[in-house]
Amino acid sequence: MVKHRRSTISLQFIKARLLECSILFLNKHLKDLSKTTMQENDRIVNVLLVEDDEVDIMNVERAFRKANVKNPLYIARNGIEALIMLRGGSEELLEIPHERRLILLDINMPKMSGLEFLQTLRADKNLKLTPVVMLTTSNQDRDMIEAFDLNVAGYLLKPVTFSEFVDLIKTLNKYWSSSEMPN
C-alpha cells in the first residue's frame, strides 16, 4: 500500500512539475514569438513604384510575388500622381503610410519625368528624406549624375531577364527591410 501511495504522489508531483515547466516554456516562447511578429511588422516598407509602363508594372508585381515580398506595393503612373499619394492621397489615389517609405522611380515618364519628380521631392520639407531608388532602362551618364546629385539611394538598371529581376527585387527587399529609415 505504501508503495502505491508513493507512486501516486510521485506521479502527481511529476504532472504538476511538467505543467509548471510547460507554462514557463510557453510563456517564454510566446513572448519571443510576439517580439518577432512585432519586429517583422516594424520592418514593413511601404514601396511606391512610380512607373508609366504597364508591362514594367506587371513585372514588378510578379517579381514581388515570386520573391515572396510581403511589403505593400503602391503604384503611381507618373510623378504628379506620386506626389499626390505621398502628400495625403485623393479620392482616386491612395495615401501611402508615412512610415518606412521607399520609392522605386523610373526616369522616362509623361507629365513629369523621374528627375523632375526627384527635384520636387527634394524641395519638399516633408518628403525630402524619403529614400529613392532609380529603377530604369536609362544607362546615360547624365541621368545617373543628375539622379545622384538629387541624393538617390541607388541607381539600378532594369534587368533583361525576369529571373534576374526577381533576384534584384529580393536583394532590394532584404536591404530595405533591414535598413533604418526616417519617418
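Please refer to the structure higher up on the page.
Described below are features of the structure shown in this document. (Residues numbered from 1 in each chain as written. Predicted model: local features only at pLDDT ≥ 70, side-chain atom pairs only at ≥ 80, totals over all residues. Heavy atoms only, no water.)

### Description of the overall build of the protein
Then comes step 1: A count of helical and extended segments in the protein gives six helices and five strands.
Then comes step 2: Secondary structure elements of the protein occur, N-terminal to C-terminal, as α-β-α-β-α-β-α-β-α-β-α.
Then comes step 3: Looking at the 183 residues of the protein, the share that counts as buried comes to 37%.
Then comes step 4: Taking the contacts inside the protein whose residues are at least 6 apart along the sequence as the reference set, 65% of them involve residues at least 24 apart.
Then comes step 5: Only carbon and sulfur atoms are counted for the fraction: they give 57% of the accessible area of the protein, which is about 11,800 Å². (Helix = DSSP H or I, 4+ residues; strand = E, 2+ residues; numbered from the N terminus. Buried < 20%, exposed > 50% of the residue type's maximum accessible area, 1.4 Å probe, protein only. Contact = heavy atoms within 4.5 Å. Areas by Shrake-Rupley, 256 points an atom, 1.4 Å probe, with all protein chains shown as cover.)

### Notes on the pairing of strand β5 (residues 154–157)
Then comes step 1: Pairing between strand β4 (residues 132–136) and β5: four bridges, direction parallel. Counted as the bridge partner of L135 is L156 from β5.
Then comes step 2: With helix α5 (residues 141–149) bridging β4 and its parallel neighbour β5, the resulting β-α-β unit is right-handed. (Pairing = 2+ DSSP bridges. Right-handed = clockwise from strand over helix to strand, strands pointing away.)

### Section: helix α4 (residues 114–123)
Then comes step 1: Among the residues making up α4, those that are buried are G114, L115, F117, L118, L121 and R122. An end-on view of α4 places all buried positions within 155° of arc, on one side of the element.
Then comes step 2: Looking at the buried residues of α4, the elements they touch are α3 (79–86), β3 (101–105), β4 and α5. (Arc of directions from axis to C-beta.)

### Some words on the packing of α3 against α4
Describing two packed helices takes the angle between their axes plus the distance from one axis to the other.
Then comes step 1: Here α3 crosses α4 at 25°, and the two axes come no closer than 9 Å. Taken together, α3 and α4 sit at an angle that is classed as roughly parallel. Judged by the twist between their axes, the crossing of α3 over α4 is right-handed. Counting all contacts with α3, which are made through G79, A82, L83 and L86, the residues of α4 involved are F117, T120 and L121.
Then comes step 2: Taken together, the residues of the contact of α3 with α4 sort by class into five nonpolar, two polar and no charged. (Axes fitted to C-alpha atoms, helices over the stretch in contact; angles between N-to-C directions. Parallel < 35°, antiparallel > 145°, perpendicular 65-115°, else oblique. Left-handed = near helix turned anticlockwise from the far one by under 90°. Nonpolar A, V, L, I, M, F, W, Y, C, P; charged D, E, K, R; others polar.)

### A few points about helix α2 (residues 54–66)
Then comes step 1: Helix length check: α2, at 13 residues, gives a terminal C-alpha distance of 18 Å against a target of 18 Å (1.5 Å per residue), a fit within 8%.
Then comes step 2: Of all the residues in α2, the buried ones are I57, V60, A63 and F64. For α2, the buried positions fall inside an angular range of 125° around the axis, keeping them on one side. Projecting away from the buried face of α2 at angles above 90 degrees are the exposed residues V55, R65 and K66.
Then comes step 3: Those residues of α2 hidden inside the fold are in contact with β1 (46–50), β2 (73–76), β4 and α6 (162–178).
Then comes step 4: You can read the cap of α2 off the contacts: a side-chain oxygen lies 2.9 Å from the backbone nitrogen of V55, and it is on D53.
Then comes step 5: N68 sits one or two residues past α2 and shows a positive phi near 60°. (Expected span 1.5 Å × (residues − 1). Polar contact = N/O pair within 3.5 Å; in protein donor to acceptor, adjacent residues only side chain to side chain.)

### Here's the deal with the pattern of salt bridges
Then comes step 1: Enumeration over the complete set of coordinates arrives at five salt bridges.
Then comes step 2: For K158, the salt bridge identified is with E51, shortest N-O distance 2.7 Å. With K158 in the loop between β5 and α6 and E51 in the loop between β1 and α2, this residue pair connects regions lying 107 residues apart in the sequence.
Then comes step 3: With a relative accessible area of 16%, K158 lands in the buried category.
Then comes step 4: The shortest N-O distance in the salt bridge between R87 and D124 comes to 3.0 Å. Here D124 lies in the loop between α4 and β4 and R87 lies in the loop between α3 and β3, a separation of 37 residues in the sequence.
Then comes step 5: You can call D124 buried: its relative accessible area is 13%.
Then comes step 6: Members of the salt-bridge network, linked through shared partners, are E51, D56, D106 and K158. (Salt bridge = Lys/Arg side-chain N within 4 Å of Asp/Glu carboxyl O.)

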